[in-house]
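# Commentary on secondary and tertiary structure
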Amino acid sequence: QVQLVESGGGSVQPGGSLRLSCAASLSIRSFSAMGWYRQAPGKERELVAVITNEGTTDYADSVKGRFTISRDNAENMVYLQMNSLRPEETARYYCTAGYVSRSYRPGYWGQGTQVTVSS
């Protein structure tokens with residue numbers, strides 16, 4: 001069983017940037033894909049970005065062009081670079097490890113890191 005630990009959350013003004021990090025306790029190559037979800041208060045959890053072992057990425061339409069997911073297999077790390085952040089993106093962001101079967105299926109979740117976008 002893998003442990004996923006997120007870091008890098010915090011408070012930022014609208015238009016600002018944050019970089020989230022996710023440290024995995026074992027090789028992320030054990031999973032066919034890694035992903036980031038977010039959940040805002042009173043809203044359903046939303047898939048933000050996914051990256052496969054081959055490096056293929058996919059994003060929610062709302063973040064395309066602003067967010068970038070990446071991975072470092074040697075360090076067992078996954079990152080989410082978030083630019084031009086909006087207030088409505090205030091949420092808890094979760095790192096996940098999972099598999100792709102038609103779509104991404106998260107199997108393991110981290111505890112999350114809070115991102116607050118406010119002036």
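Residues numbered from 1 in each chain as written. Predicted model: local features only at pLDDT ≥ 70, side-chain atom pairs only at ≥ 80, totals over all residues. Heavy atoms only, no water.

## Quick notes on the pairing of strand S7 (residues 67–72)
Stated formally: Here's how the labels work: a residue is buried when its accessible area is under 20% of the maximum for its type, exposed when over 50%, partly exposed in between, all with a 1.4 Å probe on protein chains only. Under the DSSP-based scheme used, a helix requires at least four consecutive residues in state H or I and a strand at least two consecutive residues in state E, with every element numbered from the N terminus. Pairing between two strands is assigned when DSSP locates at least 2 bridges connecting them.
Of the two faces of S7, the one holding Phe67, Ile69 and Arg71 is buried and the one holding Thr68, Ser70 and Asp72 is not buried anywhere. Both S7 and strand S8 (residues 77–82) contribute to a ladder of six bridges, which runs antiparallel. Among the inter-strand pairings, Ile69 is bridged to a residue of S8, identified as Leu80. Where S7 folds back on S8, the antiparallel hairpin that results is connected by four residues, among which Asn76 adopts a positive phi of roughly 55°.

## Points about unusual backbone geometry
Phi is positive for Ser84, close to 50°, though the residue is something other than glycine. Its location among the elements puts Ser84 in the loop between S8 and strand S9 (91–101). By relative accessible area, which is 39% here, Ser84 ends up partly exposed. Located in the positive-phi region is Arg102, a residue other than glycine, with phi close to 70°.

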